[in-house]
Structure formats: C-alpha cells, structure tokens
Amino acid sequence: MNKFFSLSLLLSASIVTHVHAQRKTIEQRVDSVMKLMTLTEKIGQLNQYSGREVTGPASDRKNYLLNDIKNGMVGSMLNVKGVKDTREIQAIALQSRLKIPLLFSLDVIHGYKTVFPIPLAESASWDLSIIRRTAEVAAEESAASGIHWTFAPMVDIARDPRWGRVMEGAGEDTYLGSQIAKARVLGFQGDKLGGVDRIMACAKHFAAYGSSMAGRDYNPVDISKQQLHEIYLPPFKAAADAGVATFMNSFNTLNGIPATGNAYLQRDILKKQWNYQGFVVSDWASIKEMTPWGFAKNLNEAAEKAIIAGSDMDMESEAYKKELEKLVASGKVDVKYIDEAVKRILYKKFELGLFDNPYKFSDEKREKKVMNDPKYKDVARAAAQGSIVLLKNNNAILPLNKSLKNIALIGPLVNAKRDQAGSWVVYADTTNIVSVYEGVKQKVKNAKLNYTEGTSITDTVTSGFANAVNAAKNADAVVMVLGENWDMSGEAKSRTDISLPGKQEELFKAVKATGKPVIVVLMAGRPLVFDSISAQADAIVYAWFLGDQGGNAIADVLFGDYNPSGKLPISFPRNVGQIPIFYNFYNTGRPVTKPTDIRYKSAYIDAPNDPQYAFGHGLSYTTFTYSDLKLSNTNPQKNETVKVSFTLTNTGKVAGEEVAQLYIQDTFASVVRPVKELKGFEKVKLKPGESKQITFELSPEKLSFYHEEKGWITEAGEFKVMVGTASNDIKLKSSFELK
Ligand code: BGC
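Since we're looking at a predicted model, the values are computed, not measured. (Residues numbered from 1 in each chain as written. Predicted model: local features only at pLDDT ≥ 70, side-chain atom pairs only at ≥ 80, totals over all residues. Heavy atoms only, no water.)

Counting secondary structure elements, the protein chain contains 22 helices and 25 strands. Relative to a compact globule of 739 residues, whose C-alpha radius of gyration would be 27 Å, the protein chain shows 27 Å and is just as compact. Over its C-alpha atoms, taken along the principal directions, the protein chain stretches across nearly 80 × 65 × 60 Å. Per-residue burial for the protein chain yields a buried fraction of 61% across its 739 residues. Of all intrachain contacts in the protein chain linking residues separated by at least 6 positions in sequence, the fraction that spans at least 24 positions is 78%. Here the protein chain has roughly 28400 Å² of accessible surface; of this, 51% comes from carbon and sulfur atoms. (Helix = DSSP H or I, 4+ residues; strand = E, 2+ residues; numbered from the N terminus. Rg over C-alpha atoms; globule rule 2.2 N^0.38 Å. Buried < 20%, exposed > 50% of the residue type's maximum accessible area, 1.4 Å probe, protein only. Contact = heavy atoms within 4.5 Å. Areas by Shrake-Rupley, 256 points an atom, 1.4 Å probe, with all protein chains shown as cover.)

What follows is the structure, given as structure tokens:
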C-alpha cells in the first residue's frame, strides 16, 4: 500500500469515527431531552403550522397558535421569516416548559431575496456548479433571515408539461435529475449542517408526484414498481446519499395508497432500505386529505395511518395534535412510532445548533449585510445566462450587431418584471427585476427601441396588431417577447392547452408577414407548444423565467456577449396529444423505421412521434465536433467500469460551452429497456480551435435495471454506447459486450 493511499484510508477512517462519535453525542443529548418529555410534549414536536396568521394581522387562529407555541405544542413553523419575526416567535417557544426551539421553514425554491431562474430553467444549464452556487446563495440569504429549513429541492421527475409544477423540478430525466438533486442539497446544506449560512434541505415530494395522472395536480399516480424504482426514486436516493436533512411526502396516491399513508415508501424504502436518518414532513394537510381520498374514515384514522406509515411531522392537518394522544390511549398507535419521529426531529434541532443558541440564525446585523450583497447579482446573471436555450437560429441571425440603429421590441413580456420571477417567490422585491427592454437598452444605448405590446398575454382582441406591424416594418431587427404569465405554472396550475395563451401566435404571424426576419424570445414555466413560431421564426430563444437578471442575460445572448449553452432538460411536444413524451421511451414491437411508412406501426396518423425539440437539444453560436471514441474495454465483467472517452473540438469562430452527453442502450434484457438512457454529461468551455478529451465512466450500477422480483440487476449482453450533442443528435457510436 503506498503512503498516500494509507494516509487517505486513515483520514477517511478518522472522519467516519468522528461522524459516529458526533452522532452518538447528539443521540445522547436527544435521549436526555426525550426522558424529560411527556407524551403531550412529544406530540407537540410533531406539529407544524403556517405563521402567516401569527405574524400577519390578527386572525382567529393567531391566539391559539401562540398559545400552542407557548405550551410546547409546536415543533416547527413555516412562513415566518425575517430576524424580527423569527426572534419574536422563538422567544415564545422558549417560554414552554422544556424550552425546545422551533424550526423555521419556508419554500425557498429558487432564491430568497435574489431571485434565480426557476429550477427547470436552471436545469437547462446542466451546470452543476452554478446550480449548487444559487442554492448556496439562497441558503445564505434565507439563513440570515432566520430560516432554518427550505422545502426544496423538488426532485420529482416530470414528463408531462401540462403539470404546472414541472417548473419546480429538473425535468424528465432521472440521471440529470439525480445529479441536480445532489448539487442543490449540497448547495443548501453545505457538507455539514450547523453553519449559520446554510439551511436544511428537503427532498420532495416523496414519491412520484410528477406522474400525476393527465398532468392534473393532486391526481392519482398509477405506475409499475419498475417505473417507480428506475425513474422516480433515484433522485430521492441521490438526495438522501447527499445527506438531505428532510423529506416531504406527497399529495398523490401511489398505486392506490396515499403517499402520506404509504409504509412501503416511507418505512420500507426510505427508512429501512436506504437507512435514512432524517425526518419526513407531510405535505400541506396531506394527512387530513387522506379522508377525501377515501383512505381514512376521519382525522383520527388519518393520523393513525400517517404515523404508522412513517410521516414524522404533520404540516397543517392538526391530525397529530388532535388525535395522537387518543390513538396511544386506545392502543391503536404504539408510542414507539411517536418516539421515533420526535427523536428524528430533535436530532436535527441539535445538529443545527439550536439547543445551544435558539437565535443563532436571527442576527439583525448579518441580515442587513447579507441581504444586500451586490455579488449575488453576478451569480444571478451567470445562472440566467446558462439557463437560456437557443432552439433555432436560421442563417445565424443571432447574435445581433450592436451597431443596429432601430430595434422593434414587440410583445406582452418585453417589459415583464414580476413574470420573470416565476412562481414560488417568497420574499423578493420583484420591481428590481431587469426586463428585456431594460437589458437591451443597457446593451445598445444608442439604438432607438420601438416597444409595443401588440397584445396582452391573455387578450382576445387584435387591436394592437397594427402598431406592432408598423414597428416591425420600420426596424433593423425585430425581437418579440412572448409567453405565459408567471402564475400559469406552479402548484395547482395545470393546463390542458399548453400553446401560447391569447392571440400571441397570431400576433407573431402578423409581424412575420411583414417579411422581416423575426427573433422570438419565449418565457414560460414549462415547455409550450408554438407551431407557427417553430416553423417560421428565424430564431427562437427559450428564456423560461430567469429571475432578477433575466433581461440582462437575454440581452447578453441576443447581442453575443454570452454564447448560449443551455440544453433542454425536458422534451417539447409538437402538440398536447403527444404527451407524455420523453426521450427514453421503449422501442415497441412495431417501431417506426421509415417515417413515410407508418401503417400498423406504433405511430400517430396525424403527427410524427418525435417531439418538436428533443431532450438535450440546444444550439450555440459556435460549432463542435466529436471524434475519436474509445472504450476502455469492449468485453467487461459485470463488476467492471467501462471508460468512454472521446475528443470534443470547438470548430467555430467564437468561444463556447458544449454539454456533451453519453447515452446507452441495453439491447436485450429480461425486462425491455429504453432506446436510450442518459448516463453521463459534461459541460465544457472551449476556445475556437481548442479540443478536450472527455472521459465518462460507466460503472456497473449504471448498467443495472430494476426487476420487479429480483430488484436491481445487471444482465450480460450487448450495450450500445452513444455520445452526442442532444438525445436526437448522436455523433459517435460504439458498443461493448458485458460478460
Ligand atoms: C406544496 C409543497 C410546499 C408546501 C408548503 C404545498 O402545497 O405542495 O411543495 O412545500 O405547500 O408551502
């Protein structure tokens, strides 16, 4: 054994010992508190309430909530924020007999004071370091504002753009989603809980919420065990492995059992198989909702089913508060379930250091300093730039020349501020958001900007079209900014029609009819359908909702100060009828091999099978070539890792970033396998003419799949290896035979 190796072994052994020792001390401290607690006080720790009523204007609920806090009947509050309020409420909790501090939680989803791109947008960057960085900043700001815990990241795989919450996740792919889950958890939490600039993360919604039937929010989920394990669970496992402090369960049923009352999910998989040590919070009133589901007769039975199934904390159902004591008295609930839940929660309070200093996160000076730190603007701009996806760029119409004299800016989102923040903004001052108009103005100070809305987002009239057409006729360049408004996506914002709302597509056609080339910037919280724009626009920039620096980042892309590098994390359908549509589908027994011959093939007679824009697609202002694919072994054993290497070269004239993607296909197996599965990616920046050798590792784990009876297995046989620039644009191919 060489010196370095033995030293690193020793070091890792001592880290493990240290972690164990630390766990033991915290466990001892938890036990010592538990010994002092009455059953009522234990149950108190399991309740979480929203603080809107407590800190806002007086409400009926205010008094009794404050009393509950004083009596030690509340373990955590959500929606209380700011040093002043968190201090005030914590002080009330410290009047309780055992003085157990509260946990303050909030939905810090894509930034706190600084608004970053919505999570789906940021996922389009495929840039794990910027994704981690924005979560870090969100943690820094919210922690300085008294928050201990965010309900993020949402790691639900979502393959249905009708579902409004698609904006909150990382898109359709399990591998990409797992990497992003890890990056976000590490960003929020750091390597270890307890720092004053980090907060606890929460992997939600456990599980399979993204598969809500027909894309309608809160709907049932019916999927095979194989789908559950292969597609939906891995990002949760990745979050757990990254040390995520908490999990949140979900509103949906999973194959007939509400997730909140689902022992298979919460006990068998999460707490036993994964040996997860954090705690599970219910989703908002999801315990109570097991009654309308028809799974629990009343609140009493709902509480019983939830605690037995492993839901540790009750958000806003009042089920545990009202029913658990009775359930223990009647013998229906063993007190061991309550003890276990309380221990998990107290453990986190100790880990955060709240028993040592309950006001640790509530420091006014820090709040002032952190909240106005100008360096966060740069993070927001970099994140926004990287999130933009250039879908189309005919005749290299983009980037625009900065010496243009007369630019028409047309559309309802040209001046949008609030919309660019997207859903889930909990604190920010959205008037600070840079609009596209402002971004462009800043970039080309001497150009005349002719701005006209043309139509509003949801208008049904066309009276503004004439102005728009005139502006276009007189311009050197025409940029249209169209899309959804911010609250057309997000929770409870499912749509059956995901085309551009109102008359926007007609406005586009009217402007295009002038004969001028038209550049379209689209903003939305989901993939939209925009047929005529896809067919006729000269360039399409997909800008999602990019947060504070959106307008600057868009202007950077339009005028070439930033070379677009985003790639779609989700497929864009041609029409709603294709949904669900995703790149890693099964071949079927009757695949379409020639698009001109679809008779008795798995096809539609009125539209192609493939999406409008494929997963992984995104253009650049430069060109890249892929060459020289090599496999380290073409006949590996099942326990061996295969290295896949190739050369990427920037063959264009400007510097740029490429997201190189590795896909595999297990060609024959005892369970049919998808035509392609993403197993590696790297975002690489190259100067013109520069090359880089890239190596991906295909570990045995990446070659395995879930078998309903046998669990995760790997089977011998051929694996195809594909390297490319998008799921539908493979540049290099090879294969190996697993022994
Ligand atoms: C959402 C969760 C969120 C919670 C608290 C629920 O409606 O589903 O994602 O964390 O509310 O705001």
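Let's shift gears to the side chain of Lys 204. Relative to the assigned elements, Lys 204 resides in strand 5 (residues 202-206). A distance of 2.8 Å separates the side chain of Lys 204 from the backbone oxygen of Phe 151, its partner in a polar contact. Excluding residues that lie within four positions of it along the chain, Lys 204 makes contacts with Asp 107, Ile 109, Phe 151, Pro 153, Met 154, Val 155, Asp 156, Arg 165, Glu 168, Phe 236 and Met 248. (Polar contact = N/O pair within 3.5 Å; in protein donor to acceptor, adjacent residues only side chain to side chain.)

Checked against the element boundaries, Asp 283 lands in the loop between strand 9 (279-281) and helix 12 (299-309). For the buried Asp 283, no salt bridge exists, and the shortest N-O distance to an oppositely charged side chain is 4.6 Å, to Arg 165. Once residues within four sequence positions are removed from consideration, Asp 283 is found in contact with His 205, Met 248, Asn 249, Phe 251 and Met 315. (Lys, Arg positive; Asp, Glu negative; His and termini not counted. Salt bridge = Lys/Arg side-chain N within 4 Å of Asp/Glu carboxyl O.)

Turning our eyes to something else, we now look at the pattern of salt bridges. With the rule as written, the count across this model stands at 53 salt bridges. Between Arg 132 and Asp 191 there is a salt bridge, and its shortest N-O distance comes to 3.7 Å. Taken as a pair, Arg 132 in helix 7 (residues 128-143) and Asp 191 in the loop between helix 8 (174-189) and strand 5 lie far apart in primary sequence, 59 residues in all. What makes Arg 132 partly exposed here is its relative accessible area of 26%. Residue classification places Asp 191 among the exposed residues on the basis of a relative accessible area of 73%. With a shortest N-O distance of 2.9 Å, Glu 438 and Lys 417 are connected by a salt bridge. Of this pair, Glu 438 sits in helix 18 (residues 436-443) while Lys 417 sits in the loop between strand 12 (406-410) and helix 17 (418-421), and the two are 21 residues apart along the sequence. Judged by its relative accessible area of 33%, Glu 438 is partly exposed. Taken together, the shared-partner salt bridges connect Arg 132, Arg 133, Glu 136, Glu 140, Asp 191 and Arg 198 into one network.

The subject of this paragraph is helix 8. Because each turn of an α-helix spans 3.6 residues, side chains separated by three or four positions in sequence point in the same direction. With 16 residues, helix 8 should reach 22 Å at 1.5 Å per residue; the first-to-last C-alpha distance of 22 Å fits that figure. A large share of helix 8 lies buried, amounting to 14 of its 16 residues. One side-chain oxygen at the N-terminal end of helix 8 lies 3.1 Å from the backbone nitrogen of Tyr 175; it belongs to Asp 173. In the segment just after helix 8, Gly 190 is the residue with positive phi, at about 70°. (Expected span 1.5 Å × (residues − 1).)

Assigned domains within the protein chain: domain 1 (25-105 + 341-373), domain 2 (380-578) and domain 3 (624-738). For domain 1 and domain 3, the distance between their C-alpha centres works out to 48 Å. (Domains from an automatic or database assignment.)

What follows covers the sheet that holds strand 21 (residues 691-698). Overall, antiparallel pairing links the 3 strands, which are arranged 17-18-21 in an open sheet. Each end of this open sheet is capped by a strand with a single partner; those strands are strand 17 (624-631) and strand 21. Between one strand axis and the next, the sheet turns by 25° as a mean value, whatever way the strands run. When strand 18 (residues 642-650) meets strand 21, the two strands line up antiparallel, connected through 8 bridges. Paired with Ser 645 across the bridge in strand 21 is Thr 695. (Pairing = 2+ DSSP bridges. Axes fitted to C-alpha atoms, helices over the stretch in contact; angles between N-to-C directions.)

Looking now at the sheet that holds strand 13 (residues 448-452). Judged by pairing direction, the sheet is mixed, and its 6 strands sit side by side in the order 11-16-15-14-12-13 without closing on themselves. In this open sheet, the two edge strands, each paired with only one partner strand, are strand 11 (389-393) and strand 13. Strand-to-strand, the axes of this sheet are offset by a mean angle of 15°, without reference to chain direction. Sheet contacts for helix 20 (residues 504-512): strand 12, strand 14 (477-483) and strand 15 (518-523); angle to strand 14, the most-contacted strand, approximately 170°.

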